[in-house]
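Architecture at a glance
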Amino acid sequence: MADTPSIQWFPGHMAKTRRLITESLKMVDIVLEITDARIPMSSRNPELDKWVGDKKRIIMLNKADSADANVTKQWLDFYKNKNIPALACDCKSGKGLNVFLPMVRNELSDLIERRKKKGLIGRAVRIMVVGIPNVGKSSFINRMAGSKRAKVEDRPGVTRGRQWVNIGTDMELLDMPGVLWPKFEDAKVGERLAFTGAVKDTVVDIELLAMRFLEFLQKEYPKVLTQRYKLENFEDADAYTLLEMVGRKRGMLISGGEINTERAAITVLDEYRGGKLGKITLEKPTE
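Procedures and definitions
- Residues numbered from 1 in each chain as written.
- Predicted model: local features only at pLDDT ≥ 70, side-chain atom pairs only at ≥ 80, totals over all residues.
- Heavy atoms only, no water.
- Helix = DSSP H or I, 4+ residues; strand = E, 2+ residues; numbered from the N terminus.
- Buried < 20%, exposed > 50% of the residue type's maximum accessible area, 1.4 Å probe, protein only.
- Contact = heavy atoms within 4.5 Å.
- Areas by Shrake-Rupley, 256 points an atom, 1.4 Å probe, with all protein chains shown as cover.
- Salt bridge = Lys/Arg side-chain N within 4 Å of Asp/Glu carboxyl O.
- Pairing = 2+ DSSP bridges.
- Axes fitted to C-alpha atoms, helices over the stretch in contact; angles between N-to-C directions.
- Parallel < 35°, antiparallel > 145°, perpendicular 65-115°, else oblique.
- Left-handed = near helix turned anticlockwise from the far one by under 90°.
- Nonpolar A, V, L, I, M, F, W, Y, C, P; charged D, E, K, R; others polar.
- Core = buried A, V, L, I, M, F, W, Y, C linked by side-chain atoms within 4.5 Å.
- Phe/Tyr/Trp six-rings, centres within 6.5 Å; stacked < 30°, edge-to-face > 60°.
- 1 Å grid on protein atoms, 1.4 Å probe; cavity = no way out; pocket = protein on both sides within 12 Å on 5 of 7 lines; lining within 4 Å.
- Points joined across faces, edges and corners; volume = space filled by probe spheres on them.

For the protein chain, the helix and strand inventory stands at 11 helices and 6 strands. Within the protein chain, the proportion of its 287 residues that are buried is 52%. Partitioning the intrachain contacts of the protein chain with sequence separation of at least 6 by distance along the chain shows that 69% fall at a separation of at least 24. For the protein chain, the exposed surface amounts to about 14200 Å²; the carbon and sulfur share of it is 48%.

This is the structure in structure tokens:
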């Protein structure tokens, strides 16, 4: 088995973002935490529970169109059992987003009723939007606002200050900068974030990362290896052999008949991130 690549990520924005979130909590009624449906747990900042505290929260599993629908249902059941409202959607296409605002109103029904009784009818419900880079926060905000309000460059290291966005007459979104946390306690979390591109490829060993991903496919989605890469008799192959097999099938040869494993690695990861390998979820709630 290939070693799990060691990924350490030290963005300078962690303390600033924590301060921004904790200071802004008193301005909002509910927090929307956007996660990546392909890695629902690994795409959650573990510090967020401490920062948000008892504030009401909704969890969104975005990019559900790229995830395994059966596993997504397991995750929704997992959150339901914990009494955490959750929804699966695809913010780019808008699929599944129609349930979001009714869910917000349902969660805040007591608050909305109290405001009505006090005559505060025109007061907007305020929603804080949080999530690590690459989960699709900008796509969500743009879709809800019906415009290109947020920068879609939601890549690691890009940050910005507080940004309010109106959605309809009675809702406001407060967009928070996306930030990763300083250290991945579980190496598999960093690995899964790297698989999806949430961590820059420049800080990882790309061949080792692709080998680990191919091992995952070998175990969980072997049909991808037969259908996409036309591999045969790979059940007992080690990770490096799998990478070589892909390179050979794709004709990635260099002088002397050697296989260009780096090119094969880049191809495998690019095709996964580009949705060419089908609907794949990298973790289940039982883990």
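The subject of this paragraph is the environment of M211. Within the secondary structure, M211 is located in helix α8 (residues 206-220). In this structure the C-alpha to C-alpha distance between M211 and T261, which are 50 residues apart in sequence, comes to 9.8 Å.

Here we take up the pattern of salt bridges. For the structure on display, the rule yields 19 salt bridges. Its salt-bridge partner being R57, residue D49 comes within 3.0 Å of it at the nearest N-O pair.

Attention shifts here to the sheet that holds strand β1 (residues 30-36). Ordered in space as β3-β2-β1-β4-β6-β5, the 6 strands form an open sheet in which the pairing is mixed. Only two strands of the sheet have a single neighbouring strand rather than two, namely β3 (86-88) and β5 (163-166). Adjacent strand axes in the sheet meet at a mean angle of 25°, parallel and antiparallel pairs treated alike. Pairing of strand β4 (residues 125-130) with strand β6 (residues 171-175) involves 5 bridges; the strand directions are parallel. Bridged to M128 within β6 is L174. On the sheet, helix α3 (residues 69-81) packs against β2 (57-62) and β3 and is oriented at approximately 170° with respect to β3. Against the sheet, helix α4 (residues 100-107) contacts β1, β2, β3, β4 and β6, and its axis sits at roughly 165° relative to β2.

Where α8 meets helix α11 (residues 261-273), the axes come as close as 9 Å, and the angle between the chain directions of the two elements is 55°. Judged by the angle between their axes, α8 and α11 are oblique. As for how α8 packs across α11, the hand of that crossing is left-handed. Facing I206, E207, L209, A210, F213 and L214 of α8, the residues of α11 in contact are T261, E262, A265, I266, V268, L269, Y272 and R273. Looking at the contact of α8 with α11 residue by residue, the classes come out as 10 nonpolar, 1 polar and 3 charged.

This brings us to the pairing of β5. Regular strands place their side chains on alternate faces of the sheet. The two faces of β5 differ: Q163 and V165 on one face are buried, but W164 and N166 on the other face are not. Pairing of β5 with β6 involves 4 bridges; the strand directions are antiparallel. Its bridge partner being in β6, N166 is matched across the sheet by E172. Connecting β5 to the antiparallel partner β6 that follows it, the hairpin turn spans 4 residues, and G168 within it adopts a positive phi of roughly 80°.

Another point: the nonpolar core. Core analysis: the largest hydrophobic core is formed by 74 residues, its most contacted members being M60, F100, F140, F213 and L217. Of all the elements, α8 adds the most residues to this core, at 8 residues. Not counting the four nearest positions on each side in its chain, F140 is found in contact with L32, I34, M60, C91, L97, F100, V129 and L173.

With that settled, consider the packing of aromatic side chains. Applying the stated criterion across every chain yields a total of 8 aromatic pairs. Aromatic side chains W75 and F78 sit 5.4 Å apart centroid to centroid with 80° between the ring planes, which places their arrangement in the edge-to-face category. Of the two residues, W75 and F78 are both situated in helix α3; the distance of 3 residues between them amounts to about one turn of the helix. Take W75: its relative accessible area is 2%, and that puts it in the buried class. An angle of 25° between the planes, with centres 6.5 Å apart, marks the rings of F213 and F216 as stacked.

This paragraph deals with empty space enclosed by the protein. Counted by the stated rule, this structure contains 1 cavity of 30 Å³ or more. Approximately 100 Å³ is the volume found for the largest cavity. N45, L48, V130, G131 and I132 are, among the 15 residues lining the largest cavity, the residues nearest its centre. Residue assignment for the lining of the largest cavity shows that the elements contributing at least two residues are α1 (14-24), β1 and α2 (48-52). A breakdown of the residues in the lining of the largest cavity according to their chemical character gives 9 nonpolar, 4 polar and 2 charged.

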